[in-house]
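Fold and contact review
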Amino acid sequence: MTSEKTKVHFTDNYLINPTNPVTINLIGAGGTGSKVLTALMEMNHSLIQFGHAGLQVRLWDDDLITEANLGRQRFAESEIGLYKSVALINRANRWMGTNWKAETQKFKLNESEKFSENILSNIYISCVDSVSARFEIADILKSLNNGRYYADRPLYWLDYGNNQHKAQAMLATVGTIKQPNSEKYVTVDQLSFITDEFGDLLKQSENSDDTPSCSLTEALEKQDLFINSTLAQMGSSLLWGLFRNGLTENRGFFLNLKSFHSQPIKLA
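The structure reproduced in this document is the subject of the present report. (Residues numbered from 1 in each chain as written. Predicted model: local features only at pLDDT ≥ 70, side-chain atom pairs only at ≥ 80, totals over all residues. Heavy atoms only, no water.)

1. Describing the sheet that holds strand S9 (residues 247–248)
- Taken in spatial order, the 3 strands line up as S8-S1-S9 in an open sheet, and their pairing is mixed. With partners counted over all chains shown, the strands left at the sheet margins are strand S8 (185–187) and S9, one partner each. (Pairing = 2+ DSSP bridges. Helix = DSSP H or I, 4+ residues; strand = E, 2+ residues; numbered from the N terminus.)

Encoded structure:
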């Protein structure tokens, strides 16, 4: 009896051999987003060492740094009052000599229902704290999936989400990614959006209290101290595998930091 072939998704070739740095829109600069940016800095440096063109990141967030953000997020007391996106990008650029960009606005359609000129990228990483923001991102990505773009062609969406102790990351393709012929694997050319696959669950999980935390202790009642950094590292490892391995058997994971249990999400 022959064993069933493993299902894999082969990375779009542009990520492996790009002519220019791979563009990333990182949406959200809070507890998870600020840690993901640090991981992208490490990833960029490592890719360049391997002869890759590296990454060009644009960070979207319209929030200002408050005292409640210190400790759990990557901010210093001297940065209180600055835009989160600007403080993080300035620090990254000084550290690495990059020319990454900050957007001091939400990632969304403007009042005339038109796209910002900077809304296109190869990869979208969302670290947002509301279900409605996820659905808005999904709507934007679906409208961009029309095959008209070559430079900054949307390819992947990696979404992060968590509550106090539990978290998940899920990778999706923006449309279909052409797969090579393979005798060894069953190839999967499309990974569904989290809003399509788990939309009902997302809506049920929406916490009605989305008011900002006024102190670090209040913030820690909502999200434990290391859930964001653990989630950011594991999700970034998934993205790193796309670049370095050229394929993946998993499109994400569920994490419970209280019980130290994680469960991969295999390709359907």
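2. A short note on unusual backbone geometry
- Here the phi dihedral of Phe-260 falls at roughly 55°; this positive angle occurs in a residue that is not glycine.
- If you trace the backbone, Phe-260 turns up in the loop between strand S10 (250–256) and strand S11 (261–266).

3. As for the pairing of strand S7 (residues 166–173)
- Counting buried residues in S7 gives 7 out of 8 residues, a clear majority hidden from the surface.
- Once strand S6 (residues 156–162) ends, the chain turns through 3 residues before running back antiparallel as S7.
- Judged from the 5 bridges that link them, S7 and S10 form a sheet pairing that is antiparallel. Across the sheet, Ala-167 pairs through a bridge with Leu-255, a residue of S10. (Buried < 20%, exposed > 50% of the residue type's maximum accessible area, 1.4 Å probe, protein only.)

4. Quick notes on the packing of helix H2 (residues 33–49) against helix H8 (residues 227–245)
- Two elements in contact, H2 and H8, have axes separated by 9 Å at closest approach and are oriented at 30°. Compared by their axis directions, H2 and H8 come out roughly parallel. Considering how the two elements wind past one another, H2 and H8 form a crossing that is right-handed. Within the contact between the two elements, H2 uses Lys-35, Val-36, Ala-39, Leu-40, Met-43, Ser-46 and Leu-47 and H8 uses Ser-229, Ala-232, Gln-233, Ser-236, Leu-239, Trp-240 and Phe-243. (Axes fitted to C-alpha atoms, helices over the stretch in contact; angles between N-to-C directions. Parallel < 35°, antiparallel > 145°, perpendicular 65-115°, else oblique. Left-handed = near helix turned anticlockwise from the far one by under 90°. Contact = heavy atoms within 4.5 Å.)

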